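# Descriptive structure summary
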Amino acid sequence: MPQRSATSPQTLRARVNGAGPTGTLSALALADAGWQVELCDPLTAAALRERNRAYALTHSSQSLLQRLGLWDALLPALAPFRRLELCDRATHLQVPFTAADLPWLGGDQPVGWILQHQDLMGVLLGAVQHQTSIHSRLGLTPVPSPLGVDLVVAADGHRSLTRQAAGISQWALPYRQGCLTVQVRLRGSAPDQAWELFRPEGPFAVLPLGGDAFQLVWSAPLSRLRQLEQLDAVAFLDALSGALPEELQAEVLLDQPRAFPVALELAWPLARRGTVAIGEVAHRCHPVGGQGLNLCWRDVDQLHRLARRCATGRLRPSALPGAYGRSRVLDIALVLLATDALVRLFSNRFAPLLPVRRLALLALGRFGWMRQLSLRAMSEGPCRLWRT
Ligand SMILES: Cc1cc2nc3c(=O)[nH]c(=O)nc-3n(C[C@H](O)[C@H](O)[C@H](O)COP(=O)(O)OP(=O)(O)OC[C@H]3O[C@@H](n4cnc5c(N)ncnc54)[C@H](O)[C@@H]3O)c2cc1C
């Protein structure tokens, strides 16, 4: 267990294990709050940038990045989408979400943004280099957390050793569905439009990357995705045309399709022995609705608020982990439950469920307040529904 250092509140010290998107942003948030931070990852900075993936960012992520002064640096790399088309392929119903469904933001804000992993990590690791309160140990074998740190942040991904060392357990429910990501050139969609298609084999997201480039996140039984992964480009594009609606036509593959298993995972408790579990160490959910990274960053947001209170003497550092765990549990549980319910409700053609789906989508299409509520829960987190 980390010991409280006998130093003044101005020299609070943290060790962050893991420099993925969550760990790196946590280090920047702690430094912004006035802490001295050690950021550790066995991967080098170049390897940390390499992942070929695009994230859907929501308004909760925008607020945190703005507060940390990182948003403007990311702006040139962001592909905003102003329309999200929700299509249920079994009931043939379609519901559009637009800026008009975000009236509390003035009605002219994008529904969300797509950001490539390389661009994100380039900006975050660049900011780490310029932050004198962060000492980074990248590309080095992990070493145990030193005595005398006030906090250990476990951000070393879903197979976290830091979580294990702190005695935090993990509950996991693998999905039968996996997920395949690939970038393509696509005809038939506006460059600022995203799609969430509910297909009987699983949800399918089409996310704009700028121009006619799109990232596809295709959920289906993992065994089928492993077969798709092996196809040559022509056969893969052929299979893709069978999965996409007629108006969308994929023309060229821009990278290699990659399939991953997906699971519902929750660490419990979220903090123990001076260690907080954050990002994918704490939770994992199905990629439906692009909630994953945004939920991770709401952990960082709360860590930032609590770290600031410690730095100004309003919270004892030893009380931070408990306060973090109590304040994060509801948001995490609601997002895990909501994504799981969406997957179970829409990944089938089960006849008794079709009228329920039809009714839900007809109501969503007809009543603006329902679209606003669901978009607010998705973009700011479900706990914001009862906070003004
Ligand atoms: C196919 C797919 C598509 C996705 N699409 C989206 C999307 O559209 N939108 C979205 O928001 N999210 C999406 N996600 C989820 C998103 O990728 C994750 O939420 C995100 O990567 C989590 O970041 P993280 O920093 O918590 O963990 P990771 O990115 O896993 O980082 C963990 C880091 O810890 C390091 N590490 C490992 N062991 C140690 C150790 N012992 N000591 C120190 N460091 C260690 C690793 O090297 C790694 O750098 C998707 C996920 C998948 C699988």
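Residues numbered from 1 in each chain as written. Predicted model: local features only at pLDDT ≥ 70, side-chain atom pairs only at ≥ 80, totals over all residues. Heavy atoms only, no water.

Time to look at the site of the ligand. Neighbouring the ligand are 29 residues, the closest being Thr-22, Asp-41, Arg-51, Arg-53 and Leu-293. Note that a nitrogen atom of the ligand is positioned 3.3 Å from one of the backbone N or O atoms of Gly-18. Between the ligand and the protein, one listed contact pairs an oxygen atom with a side-chain N or O atom of Arg-53 at 2.6 Å. Burial of the ligand by the protein chains amounts to 88% of its free accessible area of 1,000 Å². The set of elements that each furnish at least two residues to the shell around the ligand consists of helix 1 (21-32), strand 2 (36-41), strand 3 (54-57), strand 10 (169-187) and helix 9 (292-311). When residues in the shell around the ligand are grouped by element, the largest group, four residues, is from helix 9. Split into classes, the residues belonging to the shell around the ligand amount to 14 nonpolar, ten polar and five charged. (Near = heavy atom within 4 Å. Polar contact = N/O pair within 3.5 Å; in protein donor to acceptor, adjacent residues only side chain to side chain. Areas by Shrake-Rupley, 256 points an atom, 1.4 Å probe, with all protein chains shown as cover. Helix = DSSP H or I, 4+ residues; strand = E, 2+ residues; numbered from the N terminus. Nonpolar A, V, L, I, M, F, W, Y, C, P; charged D, E, K, R; others polar.)

Turning to the sheet that holds strand 3, a few remarks are in order. Spatially, three strands are ordered 3-7-4 in an open sheet, and the strand pairing comes out antiparallel. If you trace the sheet from one side to the other, it starts and ends with strand 3 and strand 4 (79-81), each paired once. Between one strand axis and the next, the sheet turns by 25° as a mean value, whatever way the strands run. Two elements, strand 3 and strand 7 (residues 112-116), share four bridges in a ladder whose sense is antiparallel. Bridge pairing links Ala-54 to Gln-116 in strand 7. (Pairing = 2+ DSSP bridges. Axes fitted to C-alpha atoms, helices over the stretch in contact; angles between N-to-C directions.)

Moving on: the packing of helix 9 against helix 10 (residues 320-346). At a minimum axis distance of 10 Å, the contact between helix 9 and helix 10 shows a crossing angle of 160°. On the basis of their axis angle, the class for helix 9 and helix 10 is roughly antiparallel. Where helix 9 crosses over helix 10, the handedness of that crossing is right-handed. When helix 9 is examined against helix 10, the residues Leu-295, Arg-298, Asp-299, Gln-302, Leu-303, Leu-306, Ala-307 and Cys-310 are found in contact with a partner set consisting of Leu-320, Ala-323, Tyr-324, Ser-327, Arg-328, Asp-331, Ile-332, Val-335 and Leu-336. Considered class by class, the residues forming the contact of helix 9 with helix 10 number eleven nonpolar, two polar and four charged. (Parallel < 35°, antiparallel > 145°, perpendicular 65-115°, else oblique. Left-handed = near helix turned anticlockwise from the far one by under 90°. Contact = heavy atoms within 4.5 Å.)

Over the atoms, a rolling probe the size of a water molecule traces out where space has been left empty. Considering only enclosed or pocket space, the second largest pocket measures out at about 720 Å³ in volume. If you trace the second largest pocket, you find 26 residues lining it, with Ala-338, Leu-342, Ser-374, Ala-377 and Met-378 closest to the centre. Elements supplying a minimum of two residues to the lining of the second largest pocket: strand 5 (83-88), strand 11 (193-199), helix 10, helix 11 (354-366) and helix 12 (368-380). For the lining of the second largest pocket, the leading source of residues is helix 10, giving eight residues. Looking at side-chain class alone, the lining of the second largest pocket contains 21 nonpolar, four polar and one charged residues. (1 Å grid on protein atoms, 1.4 Å probe; cavity = no way out; pocket = protein on both sides within 12 Å on 5 of 7 lines; lining within 4 Å. Points joined across faces, edges and corners; volume = space filled by probe spheres on them.)

Glancing now at a nonpolar patch on the surface. Judged by side-chain polarity, Phe-367, Trp-369, Leu-373 and Leu-385 come together as a nonpolar surface patch covering roughly 400 Å² of accessible area. A relative accessible area of 55% places Trp-369 in the exposed class. (Patch = residues over 30% accessible without salt bridge, like charges linked within 9 Å, V, L, I, M, F, W, Y side chains within 5 Å. Salt bridge = Lys/Arg side-chain N within 4 Å of Asp/Glu carboxyl O. Buried < 20%, exposed > 50% of the residue type's maximum accessible area, 1.4 Å probe, protein only.)

So, about the environment of Gly-122. Positionally, Gly-122 belongs in helix 5 (residues 117-130). As for Gly-122 and Gly-210, which are separated by 88 residues in sequence, their C-alpha atoms are 19 Å apart.

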